[in-house]
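# Examination of the molecular architecture
Chain by chain, the residues:
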Amino acid sequence: MRDSASGYSNGQRSLHWIMAILIFPMLVVGFVMVQQGLPRAVQNSMFVLHKNIGVVVLILAALRIALRLRRSPPPLSASLPAWQRRAVHASHGLLYVLILVMPLSGYIRVRAGGFPIEALDRLGLPTLVPRSDALANAAKLIHEVGAYAIAALLVLHIAAALQHALILRDGTWARIWPPVTRR
Ligand code: HEM
Ligand code: HEM
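Once a new chain begins, its residue numbering starts again from 1 and follows that chain's sequence as written. The lettering of chains begins at A and the numbering of ligands begins at 1, in the order of writing. pLDDT decides what is reported in this predicted model: residues at 70 or higher carry local features, side-chain atom pairs at 80 or more are listed and counted, and totals for whole chains, interfaces and linings draw on all residues regardless. Where side-chain values are given, they derive from all heavy atoms of the structure, hydrogens and water being excluded.

## Description of unusual backbone geometry
Using the following cut-off: Numbering of helices and strands runs from the N terminus; a helix is a DSSP stretch of H or I covering at least four residues, while a strand is a stretch of E covering at least two. Accessibility here uses a 1.4 Å probe with only protein chains present; expressed as a share of the type maximum, an area under 20% marks a residue as buried, one over 50% as exposed, and anything in between as partly exposed.
You will see that Arg 169, though not glycine, has its phi angle at about 45 degrees, which is positive. Tracing the backbone through its elements, the reader meets Arg 169 in the loop between helix H5 (133-168) and helix H6 (172-176). According to the relative accessible area criterion, Arg 169 is exposed, its value standing at 66%.

As structure tokens, this is what we get:
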């Protein structure tokens, strides 16, 4: 286990990248599957994939937030100006909120709308929200606005990460890069 002064723990690093690999396709499939004119069979398959992988993201998000609450992030470089520190804290905080809000609002939208989540139904797990069109519509709106917000934040997040990795080369990348890499 790494100490928090030199980087994120192996668990935090692994979860960061596993979730990144899952969330990008979730965004692409989500935006594509709501388009008009897709063949019905393709659209149905995309919905099934989106809902069920989304539940995996929900479980991973809960685990990741629990890990984060138990262990503080490594301190930021002392040379970072105050406004950049605030930007890092705000954007990471918002990303944490959104990786929970996105799958949660998706779950509520589907369950309150009375639709299946195939893997959970197969496992016999109960529906945790009441059937309600008002609730389903509110969750749908949150899910849609959240999707644009997380997509925009990720553009900034990746741009900042690439700037640190390729231009500044200040060790930020090594803090989060998977544990297989030896620094
Ligand atoms: C869905 C995709 C992603 C999400 C939700 C996400 C979220 C996060 C969050 C919340 C943190 C802060 C961790 C903490 O303080 O506990 C973080 C750190 C980091 N992420 Fe991402 N990330 C994603 C994808 C990426 C990608 C694609 C890159 C690189 C191209 C990247 C590079 C980094 C780096 C370098 C850090 C460490 C920053 C630091 O130590 O201050 N992330 N990410
Ligand atoms: C990280 C997780 C998730 C991401 C990034 C994500 C992303 C998206 C995106 C981008 C859309 C299209 C939004 C629009 O323009 O209308 C969408 C729609 C949708 N998502 Fe998700 N989603 C996630 C999790 C879930 C989960 C867990 C479920 C259900 C179990 C779900 C169910 C839906 C449904 C039903 C729609 C269509 C909404 C409608 O038009 O009625 N999503 N999602």
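Still to come is the rest of the account.
## Considerations on the coordination of the iron atom of ligand 2
Rules: Here a donor is any nitrogen, oxygen or sulfur atom (N, O, S) within 2.8 Å of the metal, with 3.2 Å used for Na, K and Ca; water is not among the atoms considered, so some sites may look incomplete. Think of it this way: with four donors and all angles in the 85 to 135 degree range, the site is tetrahedral; with four or six donors, opposite ones beyond 155 degrees and the rest between 65 and 115, it is square planar or octahedral; otherwise it is irregular.
With distances of 2.0 Å, the protein atoms coordinating the iron atom of ligand 2 are His 50 (NE2) and His 143 (NE2). Because the angles between the six donor atoms bound to the iron atom of ligand 2 fall within 86 to 179 degrees, the donor set is best described as octahedral. Taken together, the residues span a long stretch of sequence, with His 50 in helix H2 (residues 40-70) and His 143 in helix H5 at a distance of 93 residues.

## Structural notes on the UniProt feature "domain: Cytochrome b561 bacterial/Ni-hydrogenase" (unreviewed entry) in the protein
Note the threshold: UniProt positions are given in the numbering used here, feature names are shortened, and annotations may be inferred rather than shown by experiment.
Here, the residues flagged by UniProt with the feature "domain: Cytochrome b561 bacterial/Ni-hydrogenase" (unreviewed entry) are residues 8-178. The span residues 8-178 is 77% helix and 0% strand, and its two end C-alpha atoms sit 10 Å from each other.

## Concerning a nonpolar patch on the surface
Going by this rule: Nonpolar side chains (Val, Leu, Ile, Met, Phe, Trp, Tyr) within 5 Å and like charges within 9 Å form the patches, drawn only from residues with over 30% relative accessible area and no salt bridge. Per-residue and other accessible areas were derived by the Shrake-Rupley procedure at a 1.4 Å probe size, with only the shown protein chains allowed to occlude residues. Here, a salt bridge means any Lys or Arg side-chain nitrogen found within 4 Å of an Asp or Glu carboxyl oxygen.
Residues Phe 24, Ile 158, Leu 162, Leu 166, Ile 167 and Leu 168 make up a contiguous nonpolar surface patch of roughly 570 Å² in combined accessible area. With five residues, the single largest contributor to the nonpolar patch is H5.

## Topic: the coordination of the iron atom of ligand 1
For the iron atom of ligand 1, the protein coordination sphere consists of His 16 (NE2) and His 157 (NE2), at 2.0 Å. For His 157, a relative accessible area of 26% corresponds to the partly exposed category.

## A closer look at the site of ligand 1
Put simply, the test is: A cutoff of 4 Å decides nearness: a residue is near a molecule or strand if any of its heavy atoms lies inside that distance of it. Between N or O atoms, a polar contact is any pair within 3.5 Å; within protein, one atom must be a potential hydrogen donor and the other a potential acceptor, and residues adjacent in sequence are included only when both atoms are from side chains.
The environment of ligand 1 is formed by 22 residues, the closest being His 16, Arg 68, Tyr 96, His 157 and Arg 175. The separation between an oxygen atom of ligand 1 and a polar side-chain atom of Tyr 8 is 3.0 Å. Here Arg 68 contributes a side-chain N or O atom positioned 2.7 Å from an oxygen atom of ligand 1. Elements represented by at least two residues in the shell around ligand 1 include exactly helix H1 (10-33), H2, helix H3 (82-112), H5 and H6. At five residues, the largest contribution of residues to the shell around ligand 1 is made by H1.

## A look at H1
Quick note on the threshold: Here the expected length of a helix is defined as 1.5 Å per residue gap, with one fewer gap than residues. Contacts are assigned to residue pairs with any non-hydrogen atoms lying within 4.5 Å of each other.
A rise of 1.5 Å per residue sets the reference length of H1, with its 24 residues, at 34 Å; its end C-alpha atoms lie 35 Å apart and thus fit the reference within 8%. Turning to H1, its buried residues are Gln 12, Arg 13, Leu 15, His 16, Met 19, Ala 20, Ile 23, Met 26, Leu 27, Val 29, Gly 30 and Met 33. On the buried face of H1, the contacting elements are H2, H3, H5 and H6.

## Description of the nonpolar core
Test applied: Residues enter a nonpolar core if they are buried and are Ala, Val, Leu, Ile, Met, Phe, Trp, Tyr or Cys, with the set joined through side-chain atoms within 4.5 Å.
Grouped together as the largest cluster of nonpolar side chains are 17 residues, with contacts concentrated most on Met 19, Ile 23, Ile 99, Ile 150 and Leu 154. Every element with two or more residues in this core is listed here: H1, H2, H3 and H5. With eight residues, the next largest nonpolar core counts Val 55, Tyr 107, Ala 112 and Val 129 among its residues.

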